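Observations on chain architecture
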Amino acid sequence: MSDSVSAALSVPDLIAKKRDGGTHTQAELETLVLGFTRGEVPDYQMSAWLMAVFLRGMTPEETAALTLVMARSGDQLDLGSLKDTVDKHSTGGVGDKTSLVLTPMLAALGLTVAKMSGRGLAHTGGTIDKLESIPGWSPDLSEDRFLAQARDVGLALIGQTKDLAPADGKLYALRDVTATVPCLPLIASSIMSKKLASGAQTIVLDVKVGAGAFMTTTEQGEALARAMVDIGRRAGRNVRAVLTDMDTPLGHMAGNSLEVREALATLRGEGPSDLTELCVTLAVEALVAHGQDAAEAEGRARRTLADGSALAKFRAFVAAQGGDPAYVDAPERLDVAPDRAEVRAERGGFVVRVDALSVGRAVLALGGGRERKGEAIDPGVGVELLKKPGERVEAGEAVLRLYHRAGRGLERAQALLEAGLELADEAPAPEQLILGRVN
Ligand code: URA
């Protein structure tokens, strides 16, 4: 410990300091966070400290120091042998299959994606779960194989390990049960500690805003984006954030196999416009971070979808991680639940709202997500948005389709979707997908 004053402070002193609105030094944060990670600071003291942070906040310097302490609490990936490394992170959404499309686009653009991805929790999906709906594909690679694949293919994805930023895993579990998750410095440090430990030089953040996201207003999303970009700058990384709408699910599909099918259509240049635009926008951010002109970058990003080069990268990536590439060319073979049901419009008019949170919860009710870590999921179930906000419907017309297995969770899923569906006589104002940028 470098600071002789903080060396003298006990854990109760440090809790009291934050309770009274004080600012911690890096050494104090090491005492708390590393002590907690090693099991020396008990849950009850850390819970009290987390609540003090929740109520008192943290300065930008303090948030950056906390992030660095968390990032260095375990292993750190060394991507130094790879060129132009880029990572992408989404703060979590419904129907968010962006990584499936964007990462092969980035690889096709000559950047290197050596990325750690998460599993779905609660109403939000996870990239690893989605990819596992491709038979044979596995997120388990040794570090050597991971790096070699990233070098050879330009794209390698692994699951989150407990050894990387272990402080975050322990802190998140405690935050989850102490009502301290929705706290800006804690969210920013949690996300960025994993990104810093994952080693990429450039990090593109997709900060979701709306009903289906952690941040429900643009102001909150912007504050989170600024905090994360600031942390990256202080840590010497190039971080760019885009704020995007998550009132409505992205694309038309929510549910693992359904989302892989939709991502493959997008990689073929036949995807929904919102998903395509978001992927192009994020790819442009990554290219601009690597010194390219934005207009030129956009043309290059679009070409990867039109000329099949992103799809070819995805096929090579799937095969390298044990997946059967035949599914990439015949996505209709992916397992989708055989039973169908529809939610129909009670009246004619315009679709005003298809609530993302309701759709996410409906997928969960059908068995497509998990309430707790480690639960098994059914990749084949899900929800299809046959109509999106702004579209006209006739009375009795199907608006949402549910893919279920023998009625499991169907009643609850239907009730959730009906509650999240709003129709009106007037067309709503067009939805804006890209709400802002923070660089
Ligand atoms: N995602 C994270 O990784 N951490 C948070 O605290 C919130 C979202």
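Parameters at a glance
- Residues numbered from 1 in each chain as written.
- Predicted model: local features only at pLDDT ≥ 70, side-chain atom pairs only at ≥ 80, totals over all residues.
- Heavy atoms only, no water.
- Helix = DSSP H or I, 4+ residues; strand = E, 2+ residues; numbered from the N terminus.
- Rg over C-alpha atoms; globule rule 2.2 N^0.38 Å.
- Buried < 20%, exposed > 50% of the residue type's maximum accessible area, 1.4 Å probe, protein only.
- Areas by Shrake-Rupley, 256 points an atom, 1.4 Å probe, with all protein chains shown as cover.
- Axes fitted to C-alpha atoms, helices over the stretch in contact; angles between N-to-C directions.
- Parallel < 35°, antiparallel > 145°, perpendicular 65-115°, else oblique.
- Contact = heavy atoms within 4.5 Å.
- Nonpolar A, V, L, I, M, F, W, Y, C, P; charged D, E, K, R; others polar.
- Domains from an automatic or database assignment.
- Left-handed = near helix turned anticlockwise from the far one by under 90°.
- Near = heavy atom within 4 Å.
- Polar contact = N/O pair within 3.5 Å; in protein donor to acceptor, adjacent residues only side chain to side chain.
- Salt bridge = Lys/Arg side-chain N within 4 Å of Asp/Glu carboxyl O.
- UniProt positions renumbered as here; feature names shortened; annotations may be inferred.
- Pairing = 2+ DSSP bridges.
- Core = buried A, V, L, I, M, F, W, Y, C linked by side-chain atoms within 4.5 Å.
- Expected span 1.5 Å × (residues − 1).
- Arc of directions from axis to C-beta.

Along the backbone of the chain there are 18 helices and 13 strands. Since a compact globule built from 439 residues should have a radius of gyration of about 22 Å, the 22 Å found for the chain is in line with a globular shape. When the backbone C-alpha atoms are referred to their principal axes, the chain occupies close to 70 × 45 × 40 Å. For the chain, buried positions account for 56% of its 439 residues. Put simply, the chain shows about 17500 Å² of open surface, and 49% of that area lies on carbon and sulfur atoms.

Moving on, we come to the packing of helix H4 (residues 43–56) against helix H9 (residues 166–176). Running from N to C, H4 and H9 point in directions that differ by 75 degrees, and their axes come no closer than 10 Å. Put simply, H4 runs roughly perpendicular to H9. Listed contacts from H9 to Asp43, Met46, Ser47 and Leu50 of H4 are Leu171, Leu174 and Arg175. Of the residues contributing to the contact of H4 with H9, the split by class is 4 nonpolar, 1 polar and 2 charged.

It is worth spelling out the domain arrangement of the chain at this point. Parsing the chain into structural domains produces domain 1 (9–57), domain 2 (86–329) and domain 3 (336–424). Centre-to-centre separation of domain 1 and domain 3, based on C-alpha positions: 43 Å.

Close contact between helix H6 (residues 98–108) and helix H13 (residues 273–289) brings their axes to 9 Å; oriented N to C, the two are set at 40 degrees. Judged by the angle between their axes, H6 and H13 are oblique. Between H6 and H13 lies a crossing whose hand is right-handed. From H6, Thr98, Val101, Leu102, Met105 and Leu106 reach across to H13, where they touch Leu275, Leu278, Cys279, Val280, Leu282, Ala283 and Ala286. Residues belonging to the contact of H6 with H13 are distributed by class as follows: 11 nonpolar, 1 polar and no charged.

Even without being glycine, Ala165 reaches a positive phi, approximately 45 degrees. In this structure, Ala165 sits in the loop between strand S3 (155–159) and H9.

The next point concerns the site of the ligand. In the vicinity of the ligand, the contacting residues are Tyr172, Arg175, Ile187, Ser190, Ile191, Lys194 and Phe214. Between the ligand and Ser190, the relevant distance is 2.6 Å, taken from a nitrogen atom to a side-chain nitrogen or oxygen of the residue. Within the contact set of the ligand, an oxygen atom lies 2.5 Å away from a side-chain nitrogen or oxygen of Lys194. Its free accessible area being 240 Å², the ligand has 89% of it covered by the protein chains. No other element matches helix H10 (residues 184–198), which puts 4 residues into the shell around the ligand. Across the shell around the ligand, the residue classes tally to 4 nonpolar, 1 polar and 2 charged.

Turning to the pattern of salt bridges, a few remarks are in order. One pass over the structure, following the stated rule, counts 33 salt bridges. Here Asp87 ties to Lys115 by a salt bridge, and the two come within 3.4 Å at their closest N and O atoms. In this pair, Asp87 is assigned in strand S1 (residues 86–90) and Lys115 in strand S2 (residues 113–117), connecting sequence segments 28 residues apart. Arg344 is the partner of Glu342 in a salt bridge, and the nearest nitrogen-oxygen pair spans 3.4 Å. Residue Arg344 is classed as partly exposed on the basis of its relative accessible area, which comes to 45%.

Moving on, we get to the UniProt feature "domain: Pyrimidine nucleoside phosphorylase C-terminal" (unreviewed entry) in the chain. Following the UniProt record, the feature "domain: Pyrimidine nucleoside phosphorylase C-terminal" (unreviewed entry) maps to residues 350–424 here. Its end C-alpha atoms 5 Å apart, residues 350–424 is made of 29% helix and 29% strand.

Within the open sheet, the 4 strands sit side by side as S1-S4-S5-S13. Their pairing is mixed. At either margin of the open sheet sits one strand with a lone partner, and together these are S1 and strand S13 (434–438). Pairs of neighbouring strands in the sheet enclose a mean axial angle of 15 degrees, with direction left out of account. Strands S1, strand S4 (202–209) and strand S5 (238–245) of the sheet are contacted by H10, whose axis makes an angle of about 160 degrees with S1.

Attention now moves to the nonpolar core. Judged by nonpolar contacts, the single largest core of 78 residues is most densely connected at Met105, Ile134, Phe314 and Phe317. Here the element with the most residues in this core is H13; it accounts for 9 residues. Residue-level mapping places this core at the junction of two domains, with at least three residues from each of domain 2 (86–329) and domain 3 (336–424). Residues Val41, Met46, Leu66 and Met70 belong to the second largest nonpolar core, which totals 22 residues.

Residues three or four positions apart in an α-helix share a direction because the helix packs 3.6 residues into each turn. With 13 residues, helix H14 (residues 294–306) ought to run about 18 Å at 1.5 Å a step, and its terminal C-alpha atoms sit 19 Å apart, in line with that. Listed in full, the buried residues belonging to H14 are Ala297, Ala301, Thr304 and Leu305. An end-on view of H14 places all buried positions within 100 degrees of arc, on one side of the element. Turned more than 90 degrees from where H14 packs its buried face, Ala295, Glu296 and Ala306 sit exposed. Its side-chain oxygen at 3.2 Å from the backbone nitrogen of Ala295, Asp293 defines the N-terminal cap of H14. One or two steps after H14, the chain reaches Gly308, where phi turns positive at roughly 80 degrees.

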